[in-house]
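# Analysis of the macromolecular model
For reference, the chains in residue letters:
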Amino acid sequence: MAGIYIHVPFCARRCTYCDFYFVTTAKSYAPFVRALCGEIGAYAGRYGSREPVSTVYFGGGTPSRLPLEDLNRILAEIEAGFDTSSLDEVTIEINPDDVDGAYLRGLKAMGFSRVSVGIQSFYESDLNFMNRSHTAEQASSVLDAVAETSFDSYSVDLIFALPNQPEEYWAANLERLASRPVPHISTYSLTVEARTPLARMVRDHEVQVVDEDSQAAQYRFAMDYLRGAGYEHYEISSFAQPGHRAVHNQAYWAHSNYLGFGPSAHSFWNERGRPQRWANIRNLNRYVGLLENRTDPVEFREVLDAETLANEHIMLRLRTTEGLSLETLESAYGIDLYDERVDDLAWLESESLIQPIRNDVVRLTEAGRTVCDMVTTKLMV
Ligand code: SF4
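This is a predicted model, so every value here is computed, not measured.

### Here's the deal with the domain arrangement of the protein chain
Examined at the domain level, the protein chain breaks down into domain 1 (2-251) and domain 2 (324-379). Taking only C-alpha atoms into account, the centre of domain 1 sits 30 Å from that of domain 2. In this assembly, 5 residues from domain 1 lie in contact with 4 residues from domain 2. Considered class by class, the residues forming the side of domain 1 that touches domain 2 number 4 nonpolar, no polar and 1 charged.

Following this line, the structure appears as structure tokens:
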């Protein structure tokens, strides 16, 4: 079973922390949708019969900038070219200022089963700092509209470790979601990415980032609070009410095949022992121009060697509650981590960063989750 990712590269404005690929003009919707459908159709010819598609995910950018007719046309192109008879989940990311009840009902009617709402915070001062395009009032009202639409599930993104945020805001943001309860919550620590407005603000000493200990404390608070509210913490950033885990994302973490369409979209395909990853060009005009000339818009492609694949597997599995199976690592990738990293495993356990190994599975402890990247680096081969 494979996944399909659609990158919609339009946003109302630039959030201070964002390094995704997007443009802030509405002029290019029509040529983009034409080019995207051309790309989907071309890949359908080559990949359409290889694996049924189980999940479709519209991300970005902000897919909810697109009118319903455009989204419908894209979905129709996917259905025409791929086997969608066992489709399990169709998700679209939305921003609070783009949607109303009619738009949400339109999404549901055309087949979207899940929405992911980019709220980030319910406080105006936080939203202003992040240069979000929506207000605190819109952040609240969109949740009512989404709940009324009766999607199979929905998710909300929140950001923590915001500079100058009063301490009580983080707890209050979580409480707003858990009290409904929202079926799925993703929490991300504010990260300073290169070449973003936030990076410039930090460099110019306009903003001081939250120190690592305080970040870890806010993350630990979220883990405790949401577990107490009945959420499964099934992946580093992801919390779900029972039955509401994100199917598409779980497939990423299991190294399943997926095709990405749109500018800057990535794909991964592992067939007949030849795992490949490729990425589309990160420029909307060139993406459209290449597809108008029936040229593949790929700018980067690599065949992954066994070691790279094994390291990705370690990194992805450690993020999950199911953890890293050492037996799978050995049978699928020929890596005996007991043999190669026995001292590191012992040290991580003595520091309570991983749980005592049972049934050959390495799982992070709560403390380990706060330093997941460090643990991953230690265990990579
Ligand atoms: S809406 Fe999302 S993709 Fe667009 S600038 Fe903000 S964070 Fe980035």
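### Observations regarding the site of the ligand
Taken together, Cys11, Arg14, Cys15, Cys18, Phe20, Phe22, Gly60, Gly61, Thr62, Asn95 and Gly118 make up the full set of residues near the ligand. Looking at the shell around the ligand, its residues break down into 5 nonpolar, 5 polar and 1 charged.

### Focus: the environment of Tyr188
By the element assignment, Tyr188 lies in strand β6 (residues 184-189). Residue classification places Tyr188 among the partly exposed residues on the basis of 15 C-beta atoms within 10 Å. Residues Tyr188 and Tyr219 lie 31 residues apart in sequence; the distance between their C-alpha atoms is 8.8 Å.

### Quick word on the packing of helix α6 (residues 167-178) against helix α8 (residues 212-228)
At a closest axis distance of 11 Å, the pairing of α6 and α8 adopts a crossing angle of 25°. Classed by the angle they form, the pair α6 and α8 counts as roughly parallel. For the pair α6 and α8, the sense of crossing is right-handed. Contact with α6, carried on its side by Trp170, Ala171, Leu174 and Ala178, involves Gln218, Phe221, Ala222, Tyr225 and Leu226 of α8 and no other residues of that element. The residue inventory of the contact of α6 with α8, partitioned by class, reads 8 nonpolar, 1 polar and no charged.

### Quick notes on the pairing of strand β3 (residues 89-94)
Buried residues dominate β3, accounting for 5 of its 6 residues. Sheet topology note: the strand β2 (residues 53-60)/β3 ladder contains 4 bridges and is parallel. Within the sheet, the bridge partner assigned to Phe58 lies in β3 and is Ile92. Handedness of the β-α-β unit built from β2, helix α2 (residues 68-81) and β3 comes out right-handed. Pairing between β3 and strand β4 (residues 114-120): 4 bridges, direction parallel. From the neighbouring strand, Ile94 faces β4, where its bridge partner is Val117.

### Observations concerning the environment of Thr25
With respect to the secondary-structure elements, Thr25 resides in the loop between β1 (2-8) and α1 (29-47). Since 9 C-beta atoms lie within 10 Å of it, Thr25 is described here as exposed.

### Some points on the pairing of β4
For β4, the buried fraction is high: 7 of the 7 residues fall into the buried class. Residues Arg114, Ser116, Gly118 and Gln120 of β4 are buried on one face, and the alternating residues Val115, Val117 and Ile119, pointing to the opposite face, are buried as well. Alignment of β4 against strand β5 (residues 153-160), held across 6 bridges, turns out to be parallel. Bridge pairing in β5 places Arg114 opposite Ser153.

### Some points on the nonpolar core
Ile4, Leu36, Ile74, Val115, Val117, Phe160 and Ile185 are the most contacted members of the largest nonpolar core, which totals 71 residues. Top contributing element to this core by residue count: α1, with 6 residues. Those residues in contact with Phe160, other than ones at most four positions away along the chain, are Trp170, Thr187, Ser189, Gln218, Tyr219 and Ala222.

### Considering α8
Between its first and last C-alpha atoms α8 spans 24 Å; for 17 residues at 1.5 Å apiece the expected length is 24 Å, and the two agree. Within the span of α8, buried status applies to Gln218, Tyr219, Ala222 and Leu226. Across the axial projection of α8, the buried residues extend over an arc of 95°, all falling on one side. Exposed positions of α8 whose direction lies more than 90 degrees from the buried face are Asp213, Asp224 and Gly228. For α8, the elements touching its buried residues are β5, α6, β6, β7 (232-235), β8 (238-240) and α15 (366-370). One or two residues past the end of α8 sits Gly230, with phi positive at roughly 95°.

Rules of the game
- Here the residue numbering is sequential within each chain, running from 1 through the sequence in written order.
- In keeping with the model being predicted, local features are shown solely for residues with a pLDDT of at least 70 and side-chain atom pairs are shown and tallied solely at 80 or more, while totals for entire chains, interfaces and linings include all residues.
- Domain limits in this description derive from either an automatic procedure or a database domain assignment.
- For the purpose of contact definition, each residue receives a C-beta atom placed from its backbone, and two residues are in contact when these atoms lie within 7 Å.
- Residue polarity is assigned by list, with Asp, Glu, Lys and Arg as charged and Ala, Val, Leu, Ile, Met, Phe, Trp, Tyr, Cys and Pro as nonpolar; anything else, Gly included, falls into the polar class.
- Note on definitions: a residue is near a molecule or strand provided its C-beta atom, placed from the backbone, lies within 6 Å of it.
- Helix numbers and strand numbers start at the N terminus; a helix is a DSSP run of H or I with at least 4 residues, a strand a run of E with at least 2.
- With C-beta atoms placed from the backbone, the exposure class of a residue follows from how many other C-beta atoms lie within 10 Å of its own: 20 or more, buried; 12 or fewer, exposed; in between, partly exposed.
- Here an angle of 0 to 180 degrees is reported between the N-to-C directions of two axes, which are lines fitted to C-alpha atoms, with helices fitted over the stretch in contact.
- The cut-offs work like this: below 35 degrees is roughly parallel, past 145 is roughly antiparallel, 65 to 115 is roughly perpendicular, and the gaps in between are oblique.
- Crossing handedness is read from the near helix: turned anticlockwise from the far helix by less than a right angle, it gives a left-handed crossing, and turned clockwise, a right-handed one.
- Two strands are said to pair when DSSP picks up at least two bridges between them.
- Here a crossover is taken to be right-handed if, once the strands point away from the viewer, the path from the first strand over the helix to the second is traced clockwise.
- Note on terminology: a nonpolar core is a set of buried residues of type Ala, Val, Leu, Ile, Met, Phe, Trp, Tyr or Cys, with members joined through C-beta atoms within 7 Å.
- What a helix should span is 1.5 Å times the count of its residues minus one.
- Throughout, the arc means the angular range of directions from the helix axis out to the C-beta atoms.

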